[in-house]
Every structure is written in structure tokens, then in C-alpha cells.
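Summary of structural features
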Amino acid sequence: MAAPIVHLRDIQTRPRIFTIWEKQRNKKEVHWFMEMFAETLGVFFYVYAGKLLIFLCTQAVMLTTLQVSVQLRVLLSQCTAYPEYQAIMQIGLAYSFGILFAIGVCGATSGGHFNPCITISFVVFKGFPPLKAVRYIFAQILGAYLACLVIYTEWRELLVQCEAILEQAGKLEALQFTPNGPAGIFGLYLPPGQTLPRVFLNEFVTDTLIGLILFAAVDPTNALVPPVMGSVLVALAYAVAIWGFATPGNQADAPVNDHRDIVALNSARDIGGRMLALTMWGREAAGGQYAAIAALTNIPATLFGAFLYEVFLTDSDRVVPPVSLEYGNTLANHRRLRKTAQKAHRQSRQSIIEFHSTMELQPPVAKHKPNEVQYAP
């Protein structure tokens, strides 16, 4: 026996003001903005969690190494107490938890893309509407920019002090627009000792693997990854990418430890962060040729990973597990979607044919004289 379809309004009464607002916001002319808001908020979760920890760890190491005031060292003592590889572990976990928060809070409203390369891949392989994709990408970049702007505003005083310390040590000009400098917290820059071809290879291979994992997570026939575990699989994939490619290294001429964040993984994260750097530090923060690699490589790489999965791993003859069917039915039975589908069905030609067929199958109604007495059967 199929489970009954129960909507939230059937078991919970919301205050009237929310009911009126929900009725207005769910109109077709307005709901696209709710989806954009969800994408913006989701990317904000993801970027805020990761960038904030990068900021704290980087500035803590910088301040301790340059022997600044005791008060500032105490402020960031928790980060300074950790060795390099443990800081990398924390950054990977921060981004992965940010992804879980984003999907858990916002995924039900927008579908949980939170990455332009995912949106573009869905346009190519899943039939996602192109115009809607443009709106999503704009919202995603906006979310990353706002997250970086909030972090900058919260810690601006400390950033200014760090810049003053670097300038006093004669290192500001050399380090400002590198992974070691304050601007490198928000924008990605080519790490010292790396070449553009090597960085491109790292980015492409990593994003291809993530693309494979993403499409495995949304494959309804993948019995080993039920819908509730898809977000965990994706979060772990991003964490492993950061642990593997954001490897720490020391430079003899640098006053800080170099966390070689050489993977963008998300165009929104890179473009939003770089736009913040451009806003605060001007055109010098553009990033040169590496900016194009960081912003664009993950798009063809993710498409390639999706292509590999669709060609070699997708199997239409596999059975869809009950848990995936239940999840699909939950999405399909959304009250607004059901009403839209029923309205479209009533207006369709097939509906008219079914109506006439039903009328033809009905028995004729007996005609009685006006004065004839009728008896109930």
C-alpha cells in the first residue's frame, strides 16, 4: 500500500502572515527569486566556513612568525597552536561542513547546485533550463562575494595591522598578491614554485574526479549511495581535494607558511573571492593568467567527468531502489508541482480525448415523462 501524501499544511498551521507571504512567493513570477536566494545563501555557507578558517590560520601564523603584540597572538592562539598539516585538515573539514550546511538548509528550495560547473553540467546532461542556469550562476557568485565581504568587514582591523607589519618588514609588496598575503585569503593566486601547466593539470584532474562523484551521488540507481548520503559523499570529495592539493610548504624568504591552495574547485568561490580582492585592493589583485585557470578549468573538467559517468557508468536497466523512489516521489508530489501538472493535464489534448472516451462509455440516461412516478431502486 502506497504511503499517503501529506503536506506540511496538512499537519501544521502557520501564522497567517506567513501563509499569505508563502502564497505570493510561490507564484511563478516570483518563485525564481526564492531559488536564487537559496543558491546565494548556500554558497555563502560554503565559502564563509572555508574562507574564515583560511583567514584565521593564515593570519595567526603570520602574526606569530613576525612576533607581533601578545594581544594579537592570544586572539588567534587556537590556530597558532596547530601544526601545518592539521590546519590543512581543518580547512578541508570547514569547507565540507559548509557544503553540508548549504545542502541541508537550501537544497530543498533550489536543488542544491551551489557551483556554476554543476549548473552547467545539469544544463548539458539533465535538461536544466539555460535561462534558469544563468540566474543560478549569478546568485552563486554573489553568495561567494558576500561571504568574503562579511569576513573582510569582521576582521578588517586585523588585516590592516597585518599589512602594516608586512610593510614594516619590507615584505608587503612581494607577498600581498600571493597565497601568503592578505589578498590571497580571498583570491586565489599562483603559488611560488608552481607553473601554469602543472596547476591546470592539477585542477582538471581533481575537478574531473569530483564531477564523477557528483553524478554518482545523484544517480537514482546507485544503491550504495542513497539520497540522504549524497551530500556527505560530495562534501567528502571536496575535503579530500583540499587535503590532497592544498599542501603546505615553507619558503626560505617568506615570513609565513605557504598553504598552497592550488585548486579552485568552484568558479563561484574563485570569482566571488577575486571580486572582493579587486574591490579592496584594486586591479593589481586580478591574478594574471592564473585567474582564468582558477575560474574556468573546473567547468570543462566537470563536464568531462559527467560525460565519463553517463557514457561508461550509467545503466538504464538497473533497478531504482525503494529509497530513491521514495525520494523522487517526495519531490514530484510537491503541492505546487502537482497543481501545475494537473492544470496542464486538464488543458492538454489527451485530457479532452480521455473525457470524450469516458462519456462514450457511460450508459444512456433514461428519459421519463414529466408526470411519471419514479421509484428508487
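A few points on the structure. Everything quoted here is computed from the prediction, not taken from an experiment.

In terms of nonpolar packing, the biggest core is built from 56 residues, with Val-47, Phe-55, Phe-186, Tyr-238, Leu-265 and Trp-281 touching the most fellow members. Apart from residues lying up to four places away in sequence, Val-47 is in contact with Leu-52, Tyr-95, Ala-144, Ala-147, Cys-148 and Arg-269. In terms of nonpolar packing, the next biggest core, distinct from the first, is built from six residues, Val-199, Ala-264, Tyr-290 and Ile-293 among them.

There is a patch of like positive charges on the surface, built from Arg-9, Lys-23, Lys-27, Arg-335 and Lys-339. Structurally, Lys-339 can be placed in helix α17 (residues 335–347). When its relative accessible area of 47% is taken as the criterion, Lys-339 is described as partly exposed.

With respect to the helices and strands, Ser-324 occurs in helix α16 (residues 322–332). You can call Ser-324 buried: its relative accessible area is 9%. With 98 residues separating them along the chain, Ser-324 and Pro-226 place their C-alpha atoms 6.5 Å apart. Among all residues touching Ser-324, those that are not within four sequence positions of it are Pro-220 and Pro-227.

Conventions used here
- Residues numbered from 1 in each chain as written.
- Predicted model: local features only at pLDDT ≥ 70, side-chain atom pairs only at ≥ 80, totals over all residues.
- Heavy atoms only, no water.
- Core = buried A, V, L, I, M, F, W, Y, C linked by side-chain atoms within 4.5 Å.
- Buried < 20%, exposed > 50% of the residue type's maximum accessible area, 1.4 Å probe, protein only.
- Contact = heavy atoms within 4.5 Å.
- Patch = residues over 30% accessible without salt bridge, like charges linked within 9 Å, V, L, I, M, F, W, Y side chains within 5 Å.
- Areas by Shrake-Rupley, 256 points an atom, 1.4 Å probe, with all protein chains shown as cover.
- Salt bridge = Lys/Arg side-chain N within 4 Å of Asp/Glu carboxyl O.
- Lys, Arg positive; Asp, Glu negative; His and termini not counted.
- Charge placed at Lys NZ, Arg CZ, Asp CG, Glu CD.
- Helix = DSSP H or I, 4+ residues; strand = E, 2+ residues; numbered from the N terminus.

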